[in-house]
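Spelled out from the first residue to the last, the chains are:
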Amino acid sequence: AAGADLAALFLHGAGYSAMCGHAVMALGRFALDYGLVVAPSCPETAVHLLCPCGPVTAFVPWDGHRSGNPVRFHSVPAFAAATDLAIDVPGHGKVVIDIGYGGTFYAFLSAEQLGLDVCSSKTRDLISAASMVTEVVKKQFKLHHPESEDLAFLYGTILTDGKDAFSEEPTTNICVFADEQVDRSPTGSGVTARIALQYHKGLIQLNQTRTFRSSTTGSLFTGKAVKATRFGDYNAVIVEVSGEAFYTGTATFTVEEEDSLKHGFLFK
């Protein structure tokens, strides 16, 4: 991980993710508290991480003894991969979606298009509808990543309240990813991609901060586009996302030499 303080893989129930913004916030705190950064500085220290999608920088409060919140990070270049795509979702009819990249690719649409409310509909109904959208998009559209075709896959679908134009009020979404998993946060890579889409459409300007709310837990992230750039053939932006991360426990794993399964095993 040349030039980075640490490298990370983000695991979930169906494999791995190319990016996890909330984990970047947590890893930023971890890197400072466990001495992975030499001579951290007050009041804030930059932590350089190598993620599967590329290099990401977290900016972590540091009081000289321990890390704090909120943590912010600067994304890899984010861009609008496609906008205003019409698809037919079984059981829901025709809807219009956007596809954005913020370290991973997501499909975006308002829950209202699917006859749902992102804040009040049953989570199971939101998951089922979002999963159908993901499957339809995977079948109909081929994605392209400027640097690695290994990253050119649709990670999930994010249903929103439709409030894409800039506002001081929070906008709410739910992210359904991997094998029908639901994010407990507003989704760092999803916020990054959504801001890239809003910037592309002229709905938000550089350094305009928006607040994003998770419909599942009510937790909040803020995000803003801080710099315009190019990424391959795409007009892109660097997005700053800010949020909070907290320790919840410590695990210790032990290997005994005489254990015949010490290296693990597979179910097939």
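Every chain is numbered on its own, with residues counted from 1 as its sequence reads. Given that the model is predicted, a residue must reach a pLDDT of at least 70 before its local features are reported, and side-chain atom pairs must reach 80 or more before they are shown or counted; all residues, however, enter totals for whole chains, interfaces and linings. Hydrogens and water are ignored here; the side-chain numbers use all heavy atoms of the structure.

- The name an unreviewed UniProt entry gives the protein chain is trans-L-3-hydroxyproline dehydratase, with Dryobates pubescens as the organism.
- UniProt positions are given in the numbering used here, feature names are shortened, and annotations may be inferred rather than shown by experiment. The UniProt entry for the protein chain carries this comment under Catalytic activity (unreviewed entry): "trans-3-hydroxy-L-proline = 1-pyrroline-2-carboxylate + H2O".

## Focus on a negative patch on the surface
Move 1: A patch consists of residues whose relative accessible area exceeds 30% and which take part in no salt bridge; residues with like charges are grouped when within 9 Å of each other, and nonpolar side chains (Val, Leu, Ile, Met, Phe, Trp, Tyr) when within 5 Å. For the area figures, the Shrake-Rupley method with a 1.4 Å probe applies, and any residue is considered shielded solely by the protein chains shown. One side-chain nitrogen of Lys or Arg within 4 Å of one carboxyl oxygen of Asp or Glu is enough to make a salt bridge. Working convention for charge: Lys and Arg count positive, Asp and Glu count negative, and His plus the chain ends are omitted. The atoms used to mark charge sites are NZ of Lys, CZ of Arg, CG of Asp and CD of Glu. A cluster of acidic residues, Glu256, Glu257, Glu258 and Asp259, forms a negative patch at the surface.
Move 2: We count a stretch as a helix when DSSP gives it H or I for four or more residues in a row; a strand needs E for two or more, and each element gets its number in order from the N terminus. If you trace the backbone, Glu258 turns up in the segment after strand 15 (234–243).

## Some words on the pairing of strand 9 (residues 105–110)
Move 1: For strand 9, a buried count of six out of six residues is recorded, marking the element as mostly surrounded by other parts of the structure.
Move 2: Pairing between two strands is assigned when DSSP locates at least 2 bridges connecting them. Relative to strand 9, strand 8 (residues 93–101) runs antiparallel, the two being bridged by four bridges. Note that in strand 9 the partner of Tyr101 across the bridge is Phe105.
Move 3: From the end of strand 8 to the start of strand 9, which pair antiparallel, there are three residues, and Gly103 there has a positive phi angle of about 110 degrees.
Move 4: With six bridges connecting them, strand 9 and strand 10 (residues 154–160) associate as parallel partners. Among the inter-strand pairings, Ser110 is bridged to a residue of strand 10, identified as Thr160. The classification of residues rests on relative accessible area computed with a 1.4 Å probe and restricted to protein chains. Under 20% of the type maximum is buried, over 50% is exposed, and intermediate values are partly exposed.

## Some details on the state of the cysteines
Move 1: Note on disulfides: each one is a pair of cysteine sulfur atoms within 2.5 Å. One pass over the structure, following the stated rule, counts zero disulfides.
Move 2: Take Cys20: it sits in no disulfide, and the sulfur closest to it among the cysteines is that of Cys51, at 9.0 Å.
Move 3: Counting only cysteine sulfurs, Cys51 is the nearest neighbor of Cys53, a cysteine outside any disulfide, at a range of 5.2 Å.
Move 4: A residue is classified by how much of its surface remains accessible, and Cys53, at 5% relative accessible area, is buried.

## Overview of the pattern of salt bridges
Move 1: The final tally for this structure, using the stated rule, is seven salt bridges.
Move 2: The salt bridge involving Glu240 is made with Arg72; its shortest N-O contact spans 2.8 Å. In this pair, Glu240 sits in strand 15 while Arg72 sits in strand 6 (residues 71–74), placing the two residues 168 residues apart along the sequence.
Move 3: What makes Glu240 buried here is its relative accessible area of 12%.
Move 4: Assessed through its relative accessible area of 23%, Arg72 is described here as partly exposed.
Move 5: Linking Arg194 and Asp161 is a salt bridge whose minimum nitrogen-to-oxygen distance equals 3.9 Å. Of this pair, Arg194 sits in helix 3 (residues 188–200) while Asp161 sits in the loop between strand 10 and strand 11 (171–177), and the two are 33 residues apart along the sequence.
Move 6: Here Arg194 falls in the buried class, since its relative accessible area comes to 3%.
Move 7: Taken together, the shared-partner salt bridges connect Glu44, Arg72 and Glu240 into one network.

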